[in-house]
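# Structural description and commentary
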Protein chains: 2
Amino acid sequence: MTRRSDRHQHLTLRDVSEASGVSEMTVSRVLRNRGDVSDATRAKVIAAAKRLGYVPNKIAGALASNRVNLVAVIVPSLSNLVFPEMLAGVEEGLEGTGLQPVVGTTGYDPEKEERVLFEMLSWRPSGVVIAGLEHSEASRAMLGNCGVPVVEVMDVDGEPIDAAVGISHWRAGYQVGAEIAARGYRRVGILGTRAHGDHRARKRIEGLERALSEAGIGVADQMAYEGMSGFAKGREMTADMLARTPDIDFLFYTNDLTGAGGLLYALEKGLDVGGALGLAGFNAFTLLDGLPRKLATVDSRRREAGRIAAEIVCGRRVLEGEDRRLELVPTLLPGDTMRAVSTA
Amino acid sequence: MTRRSDRHQHLTLRDVSEASGVSEMTVSRVLRNRGDVSDATRAKVIAAAKRLGYVPNKIAGALASNRVNLVAVIVPSLSNLVFPEMLAGVEEGLEGTGLQPVVGTTGYDPEKEERVLFEMLSWRPSGVVIAGLEHSEASRAMLGNCGVPVVEVMDVDGEPIDAAVGISHWRAGYQVGAEIAARGYRRVGILGTRAHGDHRARKRIEGLERALSEAGIGVADQMAYEGMSGFAKGREMTADMLARTPDIDFLFYTNDLTGAGGLLYALEKGLDVGGALGLAGFNAFTLLDGLPRKLATVDSRRREAGRIAAEIVCGRRVLEGEDRRLELVPTLLPGDTMRAVSTA
DNA sequence: ATGAAAGCGCTAACAC
DNA sequence: GTGTTAGCGCTTTCAT
């Protein structure tokens, strides 16, 4: 019999048991509010635990009970505000359940996603909320076999593993495209990423292109960027695009932040924003309310997606039917950077 | 003898052991890259694990080994960009160590902080990174007794429990105040929270007030706000303050976002921004690069604080001396919303 | 290089 | 209402 502990000693149930003169089992019951315990015993135990500063060991508890109050939440990044906002929704949806979100980030990299997922699943969470529907085969296999609810959020364009909640970015893009056409714009430029891991931005662009092409309009120019989005990127790209394709009459940014940069630039240059030149961003970031003009944008309803995903994970909400997708409808907010619908 | 498992069955080492004809112990060694295992055995084990889709149970592993590769990171919120940025620094500092950050949010509420901390410590993380130096007595006790490195970040104005890394917000505020005075402004308004849990904002204001008072200047007006900061809040407060205290000549915002709103408002009203009216924000958010004017601000070096905290937690960096505080020096970026230093 | 035995700290199940 | 027993799935230790 080897006791292998010369490292830092944590208090155990046994310590509380000895200090209070109550069996370990009863101490355990008190600390978890389980079963019937007399008020006297309960008081003794609580006093002892508090006095000693006992912090239970959830590792042992989880192993013994096969229950873990953790929900894995996996997102590409926390630097893009949409993900913290979705996460806020998850916290909201988990409130009062005793479940706790644990966040992992993938950096838009499928292989890192795989590693993070493996790591998180090895803690046996009670559920998984993961951004997007595009995952490596290995990731899909892990998610399919993990035995707990899995909700893919912020996108419904694709086949969910288990359940999916969010807007259709393709249709959101389509809606913007249709609106652009309806308002009589004909030379549309697209500014944003279509490359690497941002499938939602890609789908928005594809939907937009489709709507334009159905209206007989092509994409006049397109420009991608790398790195963090911000006003400076938007300014820069806008300047470049207007220089190389001067007859552009509408600029669609895949992100409000670059859109705001473009808006500021266009206003400074004295361009007829909202008239001859239309602008639109995407996501409807509240923090941007208060720009000189209200940028046209689309509310991607990420917070709601997070909340509903959490509700599904904890069984508060059940998705019925064979198609386990819950499509949220994005709201197009025309702001004042698009001209009125043409009656031509 | 009761087997208590009719729920979802996870694979265990035993399954891999049986499938590969190798003892559990050796399987364990292979999967952890520990000890000497022949190449043949290793290959067999890896093949079997992969084929079965085995995901190890870290709960059991952690219990047996008394080792957990988790670092608790506790922040007030993820909606304020400074915290995700700090977190990015933590991830950077943990890279290659096998340690993983686990995030908890407190909503600026000391009691929730206590609960989150208790919850996280009960998973026996290998270290704790926590924002701020102000905690409830119970929280301080838990942190002091948890037996792992604890680093308080983003502030050094106070007594750390174990170690602290960040800027002094008081001194940063003082620096801004000194600069305001040096540039000849005399009627300073403060826009931002000094209330509830945001101690850093409070300290900035206190430092600012001190510098002003040393220069013989009082605070001409002050206004606090609730809820999320954004451009709209900045505009609104600015309008209100200029209306009620028209002779204000400098506006200090505790946050760049409200500052940016104020800047946009002031420019629209045709005010002499950077001349008769000075403006400054705080934090130096990169995403705002590209405003019509470069808002004066202070880089709070939160990413670096996160990185260094992580390095301390994992033992890559050691803080020497009796004062276990590492003070980062904030950079004042005057931008173009303050007039030149007066030579009066 | 591989295996056997013991036990990490807790809780489910069952006795009293 | 409270106590006893037997593990949870893994790793440490020690034997071979």
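Residues numbered from 1 in each chain as written. Chains lettered and ligands numbered in written order. Predicted model: local features only at pLDDT ≥ 70, side-chain atom pairs only at ≥ 80, totals over all residues. Heavy atoms only, no water.

You'll find chain A entered in an unreviewed UniProt entry as LacI family DNA-binding transcriptional regulator, with Jannaschia ovalis given as the organism.

## What to know about the overall build of chain A
Test applied: Strands here are runs of E lasting at least two residues and helices are runs of H or I lasting at least four, both read from the DSSP assignment and numbered beginning at the N terminus. Our radius of gyration looks at C-alpha atoms and nothing else; its globule reference is 2.2 Å times the residue count to the power 0.38. Any pair of residues with heavy atoms lying within 4.5 Å of one another is described as a contacting pair. The protein chains shown are the only cover counted for residues, whose accessible areas, like all others here, come from Shrake-Rupley with a 1.4 Å probe. In summary, the charge assignment counts Lys and Arg as positive and Asp and Glu as negative, without counting His or the chain termini. Where a charge lies is defined by one atom per residue type: Lys uses NZ, Arg uses CZ, Asp uses CG and Glu uses CD.
Helix and strand content of chain A: 12 helices and 12 strands. The C-alpha radius of gyration computed for chain A amounts to 26 Å, which surpasses the reference 20 Å derived for 344 residues by more than 25%, pointing to a less compact arrangement than a globule. For chain A, contacts bridging at least 24 residues in sequence account for 67% of all contacts bridging at least 6. Carbon and sulfur atoms make up 49% of the accessible area of chain A, which totals about 14,900 Å². In chain A, 42 positive and 45 negative side-chain charges are present, and the distance between their average locations comes to 6 Å.

## Description of the relation of the copies chain A and chain B
One copy of the chain maps onto the second through a rotation about an axis and a displacement along it. In plain terms, the rule: Each copy is superposed on the other by least squares, with the fit set by C-alpha atoms of residues at a pLDDT of at least 70 in both.
Under the fitted operation, chain A is carried onto chain B by 0.0 Å of movement along the axis and a turn of 180 degrees, and the coordinates agree to an RMSD of 0.0 Å. Both chain copies can therefore be described as sitting about a two-fold axis. The fraction of interface residues of chain A whose copies in chain B are also interface residues reaches 100%, indicating that both copies meet through the same surface.

## A closer look at the sheet that holds strand 6 (residues 188-191) of chain A
Residues and elements named next belong to chain A. To keep it simple, the criterion reads: For two strands to be treated as a pair, DSSP must find at least two bridges joining them. Angular values range over 0 to 180 degrees, each being the angle between N-to-C directions of two axes fitted as lines to C-alpha atoms, with helices fitted over their stretch in contact.
Strand order in the open sheet made by the 4 strands is 7-6-8-9, with parallel pairing throughout. The two strands at the open ends of the sheet, each matched to only one other strand, are strand 7 (219-223) and strand 9 (278-280). Shown here is a sheet whose adjacent strand axes are inclined to one another by a mean of 15 degrees, direction ignored. As defined by bridge partners, strand 6 adjoins strand 8 (residues 250-253) across 4 bridges and the pair is classed as parallel. In the sheet register, valine 188 faces strand 8, and the bridge partner there is phenylalanine 250.

## Thoughts on the nonpolar core
Stated formally: Only buried Ala, Val, Leu, Ile, Met, Phe, Trp, Tyr and Cys residues count toward a nonpolar core, and they belong to the same one when joined by side-chain atoms within 4.5 Å. Exposure classes here rest on a 1.4 Å probe applied to the protein chains alone. A residue is buried below 20% of its type maximum, exposed above 50%, and partly exposed in between.
Phe231(A) and Phe231(B) are the most contacted members of the largest nonpolar core, which has 144 residues in total. Ignoring any residue separated from it by four or fewer positions in sequence, one finds Phe231(B) in contact with Phe231(A), Leu287(A), Leu288(A), Asp289(A), Gly290(A), Leu291(A), Leu257(B), Ala260(B), Gly261(B), Leu264(B) and Leu288(B). Formed by 38 residues, the second largest nonpolar core is a distinct cluster that contains Ala62(A), Trp123(A), Leu143(A) and Ile74(B).

## Brief notes about the protein's contact with DNA strand D
Which entries qualify depends on this criterion: Neighbouring residues are identified by heavy atoms, a residue being near a molecule or strand if any of them is within 4 Å of it. Polar contact criterion, stated in full: a pair of N or O atoms within 3.5 Å, where within protein one must be able to donate a hydrogen and the other to accept it, and residues adjacent in sequence count only if both atoms are side-chain atoms. Nonpolar residues are Ala, Val, Leu, Ile, Met, Phe, Trp, Tyr, Cys and Pro. Charged residues are Asp, Glu, Lys and Arg, and all others, Gly as well, are polar.
Around DNA strand D sit 27 residues in total, of which Thr41(A), Met25(B), Ser28(B), Tyr54(B) and Arg67(B) are the nearest. Sugar and phosphate atoms constitute 66% of the interface atoms of DNA strand D, taking the interface as everything within 4 Å of the protein. Ser23(A) is positioned such that a nitrogen or oxygen atom in its side chain is 2.7 Å from a phosphate oxygen of DNA strand D. Residues of the surface near DNA strand D, tallied by class, amount to 11 nonpolar, 9 polar and 7 charged.

## A word on the domain arrangement of chain A
All names here are of chain A. To be explicit about the condition: All the domain ranges listed were derived from an automatic or database domain assignment. By convention, the term buried area covers the 1.4 Å-probe accessible surface removed from two parts as they join, with the contributions of both added. By salt bridge we mean one thing: a side-chain nitrogen of Lys or Arg within 4 Å of a carboxyl oxygen of Asp or Glu.
When the domains of chain A are assigned, the result is domain 1 (67-167 + 300-313) and domain 2 (169-299). The centre of domain 1, based on its C-alpha atoms, is set 29 Å off from the matching centre of domain 2. At the interface, 18 residues of domain 1 touch 18 residues of domain 2. Of all residues in domain 1, Tyr108, Asp157 and Ser300 bury the most surface against domain 2, accounting for 33% of the area lost on that side. If you look at where domain 1 meets domain 2, you find 3 salt bridges. Inspection of the domain 1/domain 2 interface yields 11 residue pairs in polar contact (both at pLDDT 80 or more).

## Focus: the pairing of strand 4 (residues 150-153) of chain B
Residue and element names in this part refer to chain B. Short version of the rule: By convention a crossover is right-handed if, when the strands point away from the viewer, the path from the first strand over the helix to the second runs clockwise.
The two faces of strand 4 match: Val150 and Glu152 on one face and Val151 and Val153 on the other face are all buried. As defined by bridge partners, strand 3 (residues 127-131) adjoins strand 4 across 4 bridges and the pair is classed as parallel. Each residue of the ladder has a partner; that of valine 129, found in strand 4, is valine 151. With respect to chirality, the unit in which strand 3 leads through helix 7 (residues 137-145) into the neighbouring parallel strand 4 is right-handed. Note: strand 4 against strand 5 (residues 163-167), 3 bridges, orientation parallel. Following the sheet pairing, valine 151 is matched in strand 5 by alanine 163.

## Structural notes on the packing of aromatic side chains
Formally: Here is the rule: rings of Phe, Tyr and Trp (six-membered ring for Trp) pair when centre to centre is within 6.5 Å. Planes less than 30 degrees apart are stacked, more than 60 are edge-to-face, and the remainder are tilted. Placement of a positive charge over a ring is assigned whenever Lys NZ or Arg CZ falls within 6 Å of the ring centre and within 35 degrees of the normal to the ring plane.
Applying the stated rule across the entire model yields 6 aromatic pairs over all chains. Each ring, one from Tyr185(B) and one from Phe250(B), has its centre 5.0 Å from the other, and the planes form 65 degrees; the classification is edge-to-face. Taken together, the residues Tyr185(B) in the loop between helix 8 (169-182) and strand 6 (188-191) and Phe250(B) in strand 8 (residues 250-253) connect sequence positions 65 residues apart. This pair shows no difference in class: Tyr185(B) is buried, exactly as Phe250(B) is. A cation sits over an aromatic face here: Arg204(A) above Phe282(A), 4.2 Å from the ring centre. For the cation-ring pair, Arg339(B) lies above Tyr185(B), with the distance from its terminal atom to the ring centre recorded as 4.1 Å.

## Some points on the interface of chain A and chain B
At the junction of the two partners, chain A supplies 54 residues and chain B supplies 54 residues. Summing both partners gives a buried area of about 4,900 Å² for chain A against chain B, and 63% of it is carried by carbon and sulfur. Its largest share of buried area at the contact with chain B, chain A owes to Ile59(A), Trp123(A) and Arg124(A), together 15% of the area lost on that side. Remark: the boundary between chain A and chain B carries 2 salt bridges. The partner of Lys58(A) in a salt bridge is Glu119(B), with the nearest N and O atoms 3.1 Å apart. Counting only elements with at least two residues in the side of chain A that touches chain B, the list comes to helix 4 (58-65), helix 5 (82-94), strand 2 (100-105), helix 6 (110-121), helix 10 (231-244) and helix 11 (256-268) of chain A. In terms of residue class, the side of chain A that touches chain B is built from 30 nonpolar, 15 polar and 9 charged.

## Side note on the packing of helix 10 (residues 231-244) of chain B against helix 11 (residues 256-268) of chain B
Residue and element names in this part refer to chain B. How we decide: These descriptions rest on fixed angle ranges, namely under 35 degrees for roughly parallel, over 145 for roughly antiparallel, 65 to 115 for roughly perpendicular, and the rest for oblique. Left-handed is the label given to a crossing in which the near helix is rotated counterclockwise from the far helix by less than a right angle, and right-handed is the label when the rotation is clockwise.
Interaxial distance between helix 10 and helix 11 falls to 6 Å at its minimum, and their mutual angle equals 55 degrees. Relative to helix 11, helix 10 is oriented oblique. Regarding helix 10 and helix 11, the two cross each other, and that crossing is right-handed. Across from Phe231, Lys233, Gly234, Arg235, Met237, Thr238, Ala239 and Leu242 in helix 10, the residues of helix 11 making contact are Leu257, Thr258, Ala260, Gly261, Gly262, Leu264, Tyr265 and Glu268. Within the contact of helix 10 with helix 11, the residues separate by chemical class into 8 nonpolar, 5 polar and 3 charged.

## Focus: empty space enclosed by the protein
To keep it simple, the criterion reads: Method remark: on a 1 Å grid restricted to protein atoms, a set of points is classed as a cavity if a 1.4 Å probe fits but cannot get out and as a pocket if it is open with protein on both sides within 12 Å along at least five of seven lines; lining residues have an atom within 4 Å of a point. Grid points are joined across faces, edges and corners, and a volume is the space filled by probe spheres set on the points.
On inspection of all chains with the given rule, the structure shows 1 cavity of 30 Å³ or more. The calculated volume of the largest cavity comes to roughly 270 Å³. Along its surface, the largest cavity is lined by 21 residues, and Leu70(A), Val102(A), Trp123(A), Leu70(B) and Val102(B) are the ones closest to its centre. Secondary structure elements with two or more residues in the lining of the largest cavity: strand 1 (70-75), strand 2 and helix 6 of chain A together with strand 1 (70-75), strand 2 (100-105) and helix 6 (110-121) of chain B. For the lining of the largest cavity, the element with the most residues is strand 2 of chain B, which contributes 4 residues. Of the residues in the lining of the largest cavity, the class split is 17 nonpolar, 2 polar and 2 charged.

## Some thoughts on the sheet that holds strand 3 (residues 127-131) of chain A
All names here are of chain A. In spatial order, the strands read 2-1-3-4-5-11; together these 6 strands make up an open sheet with parallel pairing. Every interior strand has two partners, whereas the edge strands, strand 2 and strand 11 (325-328), have only one. Across this sheet, the average inter-strand angle for adjacent strands is 15 degrees, counted without regard to direction. In this fold helix 6 packs onto strand 1, strand 2 and strand 3, with an angle of close to 150 degrees to the strand it touches most, strand 2.

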